[in-house]
Amino acid sequence: MTAIADPKEVAVLSGARRSPFPPIADYAFISNCHTGALIASDGSIDWLCVPNFDSPSVFGSLLDREAGSFRFGPYGIDHPTARAYVPGTNVMQTTWRTPSGWVVVRDALTMGHHGTEDLVTPHTRPPSDVDADHMLVRTVRCMEGRVEVELICEPAFDYGRTPAQWELLDGDRHTADATGADQRIRLRSDLAMGIEGNRIRGRQVLTAGDTAYCALSWTKELPPPADAADAFGRIATTEAFWRDWLAGARIPDHRWRDPLQRSALVVKGLTYMPTGATVAALTTSLPETPHGERNWDYRYTWMRDSTFTLQALHWLNLDWEADEFMQFLADLEPDTDGSLQIMYGINGRRDLTETIREDLSGYDGAKPVRIGNGAFDQRQNDVYGAVLDSILLHTRRSQRLPRRVWPIVISQAEGAAKVWQNPDQGIWEARGAPQHYVSSKLMCWIAMDRAAKLAHMRGDPELAAKWHGVATEIHADILANGVSQRGVLRQHYGTDALDASTLLAVLFGFLPHHDERLRNTVNAIAEELTEDGFVLRYRTDETDDGMSGKEGTFLICSFWLVNALAVVGEIPRARDMMERLLRIASPLGLYAEEYEVQTGRHLGNVPQAFSHLALIQAAARIILAERLEELS
Ligand SMILES: OC[C@H]1O[C@H](O[C@H]2O[C@H](CO)[C@@H](O)[C@H](O)[C@H]2O)[C@H](O)[C@@H](O)[C@@H]1O
């Protein structure tokens, strides 16, 4: 058993040497559904890619302290008094107390009413003319006393490779353009600004009642705010956008309402509005092993992650998000054999070739920094099941199967029927030799089972029977080869090692919930694949995944275990574990991909859709069970 750290001690525990990099759990996330930014607690924006999630960064000091940042806050003070989201929004509020007074800063990637058809996402509910302003707006209000505020904006284009060249416009000290790497961004502020090499600096004393703002924009068509009132107005519009969106969600009146809301807002904030695609996380190359090589670019759309996301959103009644994703799916260009890639760019881009940026130090020295993701052309046989399960769910909820989607059903079912007997890289995208992963076969069973149900709903009993036959064959194969002597689902057919992905057998109803093999699997994972109760994907000393270093516990797997415990009727255990997982959220309620129990650090990319969607699903399962208990 490993002792768990107090999350408040995270910064202290980040090593004997004090790192110049803030802990991953320190960052606030804001979004405009085209891109997102990370704000450190000292008021510095350390990550922003424009215009889109997968564009090169302009502020990249998350990955190298020299790769650009943008601070706005009181001069000479690094520690805020309080940080919180404006309730129900992805707008950040920071309160700063200084010896002479206090101020409140709000930061948003703003949304506006653009009123033009081409900016309207066709499937958004309610019909809306709200879309990104493509700008970052930061406002400050002095609440009491006198406070000197400063802005220091130092972009570095193309992931820090090209320092900004600044120019003040027409001798006006309130507007400046920065250029580099074929990009131009405009900064406007009511603070008088001056150029200092590659940075812009401004400073001003505010007294009680005074306000100030700065705004950075990256499209010519949408100019930055004209004055402070305009800047405050844009933030107010953005707050209204998020609240309006959240109002469409059915979030139960439960003590977990806040984390459910935050998770829904994170997942929506990771969705690219023009296509409905969801990125797996906002960032690239935050390490899964401190200082190690397990660093990946997550700014893309995995079929698996996106379809799991839809399932979580459906539970919150956010069905129109799924409509958008179905269109994205239908627009994708399949391979010649009809199969889908395991992942795409947010605009459907197929080639995500991975490159390494040797020039970047990496987060706290974790190299390499990867741009692109080499897993894009892997074969992962779970994808068919993920896609077909979400199509079935969507069809049941909306009572219709869009005509454009039926060919996907056919190609995915045929694809699964053809490949289920082949080894693959598995759900964890192992870069080692292909194996007969149990979770991949399980998801192929899901594919055939869901396809058969869809064929039945469409009135095609012959096709339904054919696909059902394949499902039965896969089911039998897993039971014959995927269960160890002691009656536990194994990682793959050639090992008895445990793998948390076999929990999917419980979550997807592969066997009746009282089946011994399911219970054995849940108990074995809870007892043997955990560190202080938090779940590892697999043991890196037992499993060759092609990488070095030991990773942290995987948060989606920990939430899956909660969910699985609830399915097998262990509600008190599930509830306890859920409460523990909620306690290790970042101070702002965010989750990265992994959690290191020895130090209490979050590891890996942040915020991670997988972690948040699994939180929603696990909470849903327990809340449902509690309601059923109340009724009985
Ligand atoms: O562990 C090696 C792999 O790690 C990444 O994949 C993980 O993240 C994906 C996105 O959330 C998820 O779909 C997958 O299940 C996870 O294992 C990385 O993207 C891969 O390139 C890498 O091989």
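Residues numbered from 1 in each chain as written. Predicted model: local features only at pLDDT ≥ 70, side-chain atom pairs only at ≥ 80, totals over all residues. Heavy atoms only, no water.

Taking an unreviewed UniProt entry as the reference, the protein is identified by name as Trehalase belonging to Rhizocola hellebori.

**Focus on the overall build of the protein**
Rule in force here: Put simply, DSSP H or I for four residues or longer makes a helix, DSSP E for two residues or longer makes a strand, and each gets a number counted from the N terminus. Radius of gyration here uses only the C-alpha atoms, and the compact-globule reference equals 2.2 Å multiplied by the residue count raised to the power 0.38. When accessible area is computed with a 1.4 Å probe and restricted to protein chains, residues below 20% of their type maximum are described as buried, those above 50% as exposed, and intermediate ones as partly exposed. When checking whether two residues touch, look at their non-hydrogen atoms; a contact exists if any pair is within 4.5 Å.
A tally of helices and strands in the protein yields 15 helices and 27 strands. In terms of C-alpha radius of gyration, the protein reaches 25 Å, essentially the compact-globule figure of 26 Å for 632 residues. Counting across all 632 residues of the protein, residues that qualify as buried make up 63%. Residue pairs at least 24 apart in sequence account for 67% of intrachain contacts in the protein once pairs closer than 6 positions are excluded.

**Points about the domain arrangement of the protein**
Cut-off, in case you're wondering: Note that the domain bounds reflect an automated or database-derived domain assignment. Accessible area that two parts lose when put together, with a 1.4 Å probe and added across both, is what the buried area reports. Salt bridge criterion: a side-chain nitrogen from Lys or Arg within 4 Å of a carboxyl oxygen from Asp or Glu. Throughout this description, a polar contact denotes any pair of N or O atoms lying within 3.5 Å of each other; where both atoms belong to protein, one of them has to be capable of donating a hydrogen while the other can accept it, and for residues adjacent in sequence the pair is counted only when both atoms sit in side chains.
According to the domain assignment, the protein contains domain 1 (32–247) and domain 2 (257–631). Once you take the C-alpha centre of each, domain 1 and domain 2 turn out to be 34 Å apart. Counting residues at the interface gives 36 residues for domain 1, matched by 40 residues for domain 2. Of the roughly 3,400 Å² buried between domain 1 and domain 2, counting both surfaces, carbon and sulfur atoms make up 65%. Of all residues in domain 1, F53, L63 and W245 bury the most surface against domain 2, accounting for 24% of the area lost on that side. Across the contact surface, domain 1 and domain 2 share three salt bridges. Residues D54 and R349 are paired through a salt bridge, measuring 3.4 Å at the closest nitrogen-oxygen approach. Run the count over domain 1 and domain 2 and you get 13 residue pairs in polar contact (both at pLDDT 80 or more).

**So, the site of the ligand**
The following threshold applies: Proximity is defined per residue: any heavy atom of the residue falling within 4 Å of a molecule or strand makes that residue near it. Under the convention used here, a 1.4 Å probe and the Shrake-Rupley method define accessible areas, while residue burial counts only the protein chains that appear. Side-chain classes are defined by residue name, with Ala, Val, Leu, Ile, Met, Phe, Trp, Tyr, Cys and Pro counting as nonpolar, Asp, Glu, Lys and Arg as charged, and the others, Gly among them, as polar.
The environment of the ligand is made up of 15 residues, and the closest members are D305, N373, I427, E429 and R431. In this structure, an oxygen atom belonging to the ligand sits 2.6 Å away from a side-chain N or O atom of D305. Here an oxygen atom of the ligand and a side-chain polar atom of N373 are 2.7 Å apart. In the complex, the protein chains occlude 99% of the 480 Å² of accessible area that the ligand would expose alone. Here the residues of the shell around the ligand are counted per class, giving eight nonpolar, two polar and five charged.

**Quick look at the packing of helix 8 (residues 406–419) against helix 10 (residues 461–481)**
This is how the line gets drawn: Note on geometry: axes are C-alpha line fits, over the in-contact stretch for helices, and angles between N-to-C directions span 0 to 180 degrees. If you view the pair so one helix is near and one far, a crossing is left-handed when the near helix is turned anticlockwise from the far one by less than a right angle, and right-handed when it is turned clockwise.
For the pair helix 8 and helix 10, interaxial distance at closest approach is 10 Å and the crossing angle is 35 degrees. Between helix 8 and helix 10 lies a crossing whose hand is left-handed. On helix 10, the residues that touch W406, V409, I410, A413 and A417 of helix 8 are L463, W467 and V470. Broken down by class, the residue content of the contact of helix 8 with helix 10 amounts to eight nonpolar, no polar and no charged.

**Focus on the sheet that holds strand 27 (residues 601–603)**
For clarity, the threshold we go by: Note on pairing: DSSP must find at least two bridges between two strands before they are called paired.
In spatial order, the strands read 25-26-27; together these three strands make up an open sheet with antiparallel pairing. At either margin of the open sheet sits one strand with a lone partner, and together these are strand 25 (553–554) and strand 27. Across three bridges, the pairing between strand 26 (residues 594–596) and strand 27 is antiparallel. Across the sheet, residue E596 finds its bridge partner in strand 27, namely R601.

**Quick look at the pattern of salt bridges**
In total, this model carries 44 salt bridges according to the counting rule given. Here D230 and R234 are joined by a salt bridge, their closest N and O atoms 3.2 Å apart. Pair noted here: D230 and R234 are both in helix 3 (residues 228–247), with a separation of four residues, about one helical turn. We classify D230 as partly exposed; its relative accessible area is 26%. For R234, a relative accessible area of 18% translates into the label buried. Two residues, D449 and R450, come together in a salt bridge whose shortest N-O distance is 2.6 Å. Across this residue pair, the class does not change: D449 and R450 are buried. Because the salt bridges share partners, they merge into one network encompassing R255, R575, E579, E626 and E629.

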